[in-house]
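Here is what each chain is made of, one letter per residue.
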Amino acid sequence: MFGTKTKAGGKAGEDRQKLGLYIHIPFCRSKCDYCDFYSLAGRESRMDDYQKALLIHLKETAPQAEHCRVDTIYFGGGTPSYYGEKRLRELLAAIRKRFHVEPDAEITLEANPDSVDFKMLRKLRKAGFNRLSMGMQSACPAELQAIHRPHTAEQAAEAVAAARKAKLENLSLDLIYGLPGQTMDSWRDTVETALSLEPEHLSCYGLKVEEGTPLAARVAAGEVLPDDDTQADLYLWTVERLKQAGFAQYEISNFAKPGRESRHNLRYWLTQPYIGFGPGAHSDFGGRRFSIARDLDGYINGLLEGGRIIDSNDLITPRERGSEYLMLRLRTTLGVDEWEYRRDYHMDFAPIRARLVEFQTYGWAEQGENGRWHLTPKGFLVSNQLIGDLLERQEAASFKDLLPDAGRKAEKPDKID
C-alpha cells in the first residue's frame, strides 16, 4: 500500500518510488524572538533519549518504505548542528542501513554559524552530508541582536570558510528581510555580504510576526517593524539583484545557481512523497498525510515505552490533491499546466485559466511559451490572496456551480502599486 513493488525479473530499484526523509532535531542553544517552529532551548539532557527514540522510529518505519528509493534526506530543526556530529553520523548511518538510499541522494544539514567548525563539518561530509543550509539571517550586528540570534556576522563568514575547507560544495544561506531596524541600505549590505561568500543557494524570507512569539509580544507593546510597502521594496530589489548575480528564482523565497535548487524542498511544492521523523514532523506517504505531536517528551516516551505519537492521520482525496497542486505549484516558477491539471485531477481548468488571464493584466501572472502559468515576483507578493481566489474558483467549478462573481475583474490589493 505504500509504494510500487519491483517487477519480477527487473533490475533492483528500477521501479521503486522516490522518497524524501525529514529528520527533525528540536534542540536549540537559544530561541530566536521570531521563531514559532517546534524547537526547545535548555533540553540538552534529553538528547540521548531522543536519539534512541529516533533510531527506533527509523527502524520501525523502514519496512513500510521497502519499495522506495530515498533520494533526499533533510535534517532540520531546531538547530541540527547543535545536536552533535556523532549523533548526526549515527542517524545517517542508520538511514543508510534501513532504507534504500540512492548514491547521489541530496543530504542536507541545517546549521547555525556558532555551532559548526572545520573538524565537525569534515566528519559530516565524509559521513555523507553533501549540502549545508546555514542560518545567516543578517550581516548587520544590530539586526542580529534585535532578534536574539546566537551568532555574529563574523561567525557566519567563518562558518562558510570552514564549510569550504571541509569540501562541502553545496551551500545555502538563509536571510530575513523586514527585521527590526532594517533599512534598504542595511538589507543591501546583507545581500552583498552573502553574495561575497559565494553560496550556491539563497533563501530570502520576509519576516512574519507569529502569534505567541516574543516578537509578537514586542509588536503588541508598540515596537514598529518595516511595513508591507517596505518589505515589498526589499523583496523586489532582491529578486532583481540575485538575477543579476546568476541566481534563478524557482520559488517565492528561494534562489539558486543552475542545478542547485533544493531537491528536498521541491518535494513539498511538487507534492512528492516524504516521511518525517520527530515531534512536529509531517509526512505525505502512501496516499495519506500524517503528523507527529509537538511534544518532545511524548515522542520519546511513545517510542521507548510504547504509546501514540501520531497527532493526525488523513486520507488525501483527489480533490484535495487538486487544491494542493494549485496552492503549492503556484509558489514555484514552474507553475501550473492545464493538461496536467485535467489529466491528474479531472477538473475543469477553464475558470482557473480565466482568472489567471485577469491576473496577467495586473502583472501578477504570466504564461510561458510552454503554456504553463506562473506568478511573477509582483504576484508572489500577494500570492496568498491570488491562490486563495483560485482555490475558491476551483471549489465552485468542482460542483458545477460557478460563484456569482466569477466574471468580475481582479481587484487590486492595497499597498501594491
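The preceding data block contains the structure.
Conventions used here
- Residues numbered from 1 in each chain as written.
- Predicted model: local features only at pLDDT ≥ 70, side-chain atom pairs only at ≥ 80, totals over all residues.
- Heavy atoms only, no water.
- 1 Å grid on protein atoms, 1.4 Å probe; cavity = no way out; pocket = protein on both sides within 12 Å on 5 of 7 lines; lining within 4 Å.
- Points joined across faces, edges and corners; volume = space filled by probe spheres on them.
- Helix = DSSP H or I, 4+ residues; strand = E, 2+ residues; numbered from the N terminus.
- Nonpolar A, V, L, I, M, F, W, Y, C, P; charged D, E, K, R; others polar.
- Contact = heavy atoms within 4.5 Å.
- Polar contact = N/O pair within 3.5 Å; in protein donor to acceptor, adjacent residues only side chain to side chain.
- Pairing = 2+ DSSP bridges.
- Salt bridge = Lys/Arg side-chain N within 4 Å of Asp/Glu carboxyl O.
- Buried < 20%, exposed > 50% of the residue type's maximum accessible area, 1.4 Å probe, protein only.
- Phe/Tyr/Trp six-rings, centres within 6.5 Å; stacked < 30°, edge-to-face > 60°.
- Lys NZ or Arg CZ within 6 Å of the ring centre and 35° of its normal.
- Axes fitted to C-alpha atoms, helices over the stretch in contact; angles between N-to-C directions.
- Parallel < 35°, antiparallel > 145°, perpendicular 65-115°, else oblique.
- Left-handed = near helix turned anticlockwise from the far one by under 90°.

Engineer: What is the right way to read empty space enclosed by the protein from this model?
Structural biologist: Empty space left among the atoms is revealed by rolling a probe the size of a water molecule over them. This model, assessed by the stated rule, comprises 1 cavity of 30 Å³ or more. Of the volumes computed, that of the largest cavity is approximately 40 Å³. Along its surface, the largest cavity is lined by L109, L121, L124, R125, F129, R131, L132 and L168. In terms of residues, the lining of the largest cavity owes the most to one element, helix α3 (residues 118-127), which gives 3 residues. Looking at side-chain class alone, the lining of the largest cavity contains 6 nonpolar, no polar and 2 charged residues.

Engineer: Help me out: how do you make sense of the environment of H148 in this one?
Structural biologist: With respect to the helices, strands and loops of the structure, H148 is situated in the loop between α4 (141-146) and α5 (153-165). Apart from residues no more than four positions distant in its own chain, H148 is found in contact with S30, K31, C32, D33 and R218. A polar contact of 2.9 Å, which involves the side chain of H148, links it to the side chain of D33.

Engineer: Help me understand the pairing of strand β12 (residues 282-285), please; the structure alone is not making it clear to me.
Structural biologist: On a regular strand, each side chain points to the face opposite its neighbour's, so the side chains alternate between the two faces of the sheet. Of the pairings in the sheet, the one linking β12 to strand β13 (residues 288-292) comprises 4 bridges and is antiparallel in character. If you follow F285 over to β13, its bridge partner there is R288. Hairpin remark: β12 followed by β13, antiparallel, with 2 residues in the connecting loop; positive phi at G286, about 65 degrees.

Engineer: Looking at this structure, I do not really get the pattern of salt bridges. What am I missing?
Structural biologist: Oppositely charged side chains may form a pair once their charged atoms are brought near each other. Following the criterion strictly, the structure yields 27 salt bridges and no others. A salt bridge links R241 to E192; the nearest nitrogen and oxygen atoms lie 2.6 Å apart. Of the two residues, R241 sits in helix α8 (residues 228-244) while E192 sits in helix α6 (residues 184-196), which places them 49 residues apart along the sequence. Using a relative accessible area of 32% as the deciding quantity, one classes E192 as partly exposed. The partner of D348 in a salt bridge is R342, with the nearest N and O atoms 3.4 Å apart. What you see here is one network of salt bridges that share partners, running through R43, R46, D49, K52 and D297.

Engineer: Got a minute to help me understand the packing of aromatic side chains in this structure?
Structural biologist: Per the counting criterion, the structure on display carries 17 aromatic pairs. One Lys or Arg, R87, reaches over the ring of Y83 and ends 5.3 Å from the middle of that ring. Positioned above the aromatic ring of F118, the side-chain terminus of K165 is 4.5 Å from the ring centre.

Engineer: Help me out: how do you make sense of the packing of α6 against α8 in this one?
Structural biologist: The description of two helices packed together rests on the angle between their axes and the distance between the axes. Between α6 and α8, whose axes approach to 11 Å, the crossing angle comes to 30 degrees. Overall, the two elements α6 and α8 adopt an arrangement that is roughly parallel. Seen along the crossing, α6 lies across α8 with a hand that is right-handed. Where α6 approaches α8, its residues M184, W187, R188, V191, E192 and L195 are matched on the opposing element by D233, L234, W237, T238, R241 and L242. Here the residues of the contact of α6 with α8 sort into 7 nonpolar, 1 polar and 4 charged.

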